[in-house]
Amino acid sequence: MKKRIFLSFLGALLLCVLLLTTSFTLIMFNINRDQEKAAARDRAVILADFLNLGIAGAVSDNIVLGNYARHDANSARITIIDFDGKVLLDSKGDAALMDNHSDREEFIAAIQSGSGDAIRHSETLALYTYYCAILLDDGRVLRVAMDMSNIDGVIYAIIPAIIGVTLLILVVGIASAHRLTVNIIRPIEHIDLSSEAIVPYDELVPYQRKIDRQKQEISEKIFALQERADTIEIITGAMREGLVLIDKDGIVLMANESAKNIFMSDTFGRDLMAQRNITHICRDIEFRRAVKQCLSGENTEIELMLGGRIYSVFFNPAMTSGFLRGENHIDGGIILIFDMTERYVSEKHRREFTANVSHELKTPLTAIIALGEMIENDIAKREDVKEFASKISEHANRLMSIINDIIKLSEFDEKKADTITEDFDLFALAENVADTLSENSKGVGIKITGERFNITANRRMIDELLYNLIDNGIKYNNDGGSVNLSLSGDGKSAKITVSDTGIGIPKEHLHRVFERFYRVDNSRSKKTGGTGLGLSIVKHIAEHHGGGVSVQSGDGEGTTVEVTIKGA
């Protein structure tokens, strides 16, 4: 704007200077020309009077002209023309050699009206010449010619002065234009648009009002956009799924916290994830291929192994429609990442559980069917029938035990476990369980230590928890070994610790002992009648009561299981 105003002032100044110079030059030219014409006319009048007097006194033209020439330092060219246009006399040329002048406009005007003048290029003098003609008393025409070149000389003489004045005007004008421009622009440049400023010029009031309205609209839109951005950030920040937005070049525009945790292991790296190329963050070949397909307009889904976890990754191109050409334009892509590890693990456990259940149920059922068919087909001897019936009963009880344990675990899985609680003496309950199991402890001693206190919990579940812990301590113990049960608590929570002197658990198996049907020693489990579900049930009971379970053991070092229970 400043440049445009300055150029406008400068253009106006140049135009004024040009008009002034041209006008001055024309005025000077016209003044000098008029002066020269007046001088020529004065000479013509004076000389005509002399010639008329000479005619009256019978004095020859040459004498008159000679006398006049002696008194006129700047003598003009004098020509006497007969009434028919023939040149009779010329002071600066041979009259006999001159053309007839009857067609000259000053001659014609003099014949018609007594005087006439004209300006034209003289072929004789090779100059622009002013001609003034006067009709003499005897019918001839006197013509006085004045050279106009002295006018150009005057103009040329004043041109340096004109140029000097013009340059001075331009310098002063440019400085003035710059100063005026600065003075005009300065108040506009210092307007504070962030407040209700008073505009320096009335012409700017409508623009100020429009700017104020636009500022208000922009503020409202920014506030609305900020609210939407905050809402989106809250939603995406709370998502367990990873969400990444990339532009058409694969540069990360936005990534929520879940995505940062998936791709970046350190805090510094998570902060720098934005503005990096997604293929530089994850260099998996399938992932890079899927990104490329996504940015070419294809929907893609892959499975990604990263950091020991399994993810299902969906790639969707972000496109805008081109209204003019009726085509879609790829602006970037949306990457959605689901952590499928638990599902895969659950599916794996389900398959393992199904296989284990089938195996565990098949073994006693096979034995029952085989023994039953032997009895039915009279293959078994009479004296063996009782023994076979005892084995059938034993396998049936084992089958019922497995089914009951599976039902209990299913209740926990489906959140249908019994929630009825009661206040009872935990130490007394432990004593009852120990008395029941001591009858068939096969020489393994059971010792209970700790304090007596009441706890509010599900009595049946806690009874089963204690039973499974002590029973395991007996089953996997050495001959003459011992099981120590220690109780401590404050009435609101309890810690149950069961230690045995048994065969122990190799450390590489400790992380799996709470899995369903998992056995460290299958041969011993079958011999002792274990189902492999006891510790899994213990874990679910502890978690059902808001607690947890841990195990410490080693091969041949015995086992210690610690359970925490929170009362209702």
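Please refer to the structure higher up on the page.
For clarity, every value in this text was computed on a predicted model and none was experimentally measured.

Focus on the nonpolar core
Of all hydrophobic cores here, the largest spans 42 residues; its most connected members are L426, I462, L465, L466, L469, I496 and V563. Among the secondary structure elements, those contributing two or more residues to this core are α11 (382-413), α12 (426-438), β13 (454-457), α13 (459-475), β14 (482-489), β15 (493-500), α15 (534-544) and β17 (559-566). Here this core gets seven residues from one element, more than from any other, and that element is α13. Contact partners of L466, with chain neighbours within four places excluded, come to L426, L429, A430, V433, L485 and I496. V244, I262, F263 and Y311 belong to the second-largest nonpolar core, a separate cluster that totals 23 residues.

As for helix α3 (residues 105-113)
Among all positions in α3, only E106, F107 and A110 are buried. For α3, the angular spread of buried residues about the axis comes to 105°, placing them on one side. In α3, the exposed positions that point more than 90 degrees away from the buried face belong to Q112 and S113. Immediately beyond the C-terminal end of α3, within one or two residues, lies G114, with a positive phi of roughly 100°.

With respect to the pattern of salt bridges
The final tally for this structure, using the stated rule, is 15 salt bridges. Across the pair E286 and R289 runs a salt bridge whose closest N-O atoms are separated by 2.5 Å. Note that E286 and R289 are positioned in helix α9 (residues 285-295) at a spacing of three residues, about one turn of the helix.

Some thoughts on the packing of aromatic side chains
Applying the stated criterion across every chain yields a total of three aromatic pairs. Pairing F287 with F315 gives two aromatic rings, centres 5.3 Å apart and planes at 65°, and the pair type is edge-to-face. Taken together, the positions of F287 in helix α9 and F315 in strand β9 (residues 309-322) put the pair 28 residues apart, joining distant regions of the chain. For the pair shown, F287 and F315 are each scored as buried.

Describing the side chain of N458
Topologically, N458 is positioned in the loop between β13 and α13. Taking the relative accessible area as the measure of exposure, N458 reaches 3% and is therefore buried. A distance of 3.0 Å separates a polar side-chain atom of N458 from the backbone nitrogen of M461. When neighbours within four sequence positions are excluded, N458 is seen to be in contact with D418, T419, I420, T421, F424 and H545.

Definitions and cut-offs
- Along each chain, numbering runs from 1 in the same order as the chain's sequence is written.
- Residues qualify for local features only when their pLDDT is at least 70, as the model is predicted, and side-chain atom pairs are given and counted only at 80 or more; totals for whole chains, interfaces and linings, by contrast, use all residues.
- Water and hydrogen atoms were dropped before computing side-chain values, which therefore reflect all heavy atoms in the structure.
- By nonpolar core is meant a set of buried Ala, Val, Leu, Ile, Met, Phe, Trp, Tyr and Cys residues that side-chain atoms within 4.5 Å join together.
- When accessible area is computed with a 1.4 Å probe and restricted to protein chains, residues below 20% of their type maximum are described as buried, those above 50% as exposed, and intermediate ones as partly exposed.
- Each helix is a run of H or I in the DSSP string that is no shorter than four residues. Each strand is a run of E no shorter than two, and both are numbered from the N terminus.
- Should any heavy atoms of two residues lie within 4.5 Å, those residues are considered in contact.
- Throughout, the arc means that of the directions going from the helix axis to the C-beta atoms.
- Between Lys or Arg on one side and Asp or Glu on the other, a salt bridge is scored when a side-chain nitrogen of the former is within 4 Å of a carboxyl oxygen of the latter.
- When the centres of two rings from Phe, Tyr and Trp lie within 6.5 Å, Trp using its six-membered ring, the rings pair. Their planes under 30 degrees apart give stacked, over 60 give edge-to-face, and anything left gives tilted.
- Here a polar contact is taken to be a pair of N or O atoms separated by no more than 3.5 Å, where protein atoms must pair a possible hydrogen donor with a possible acceptor and residues adjacent in sequence count only if both atoms sit in side chains.

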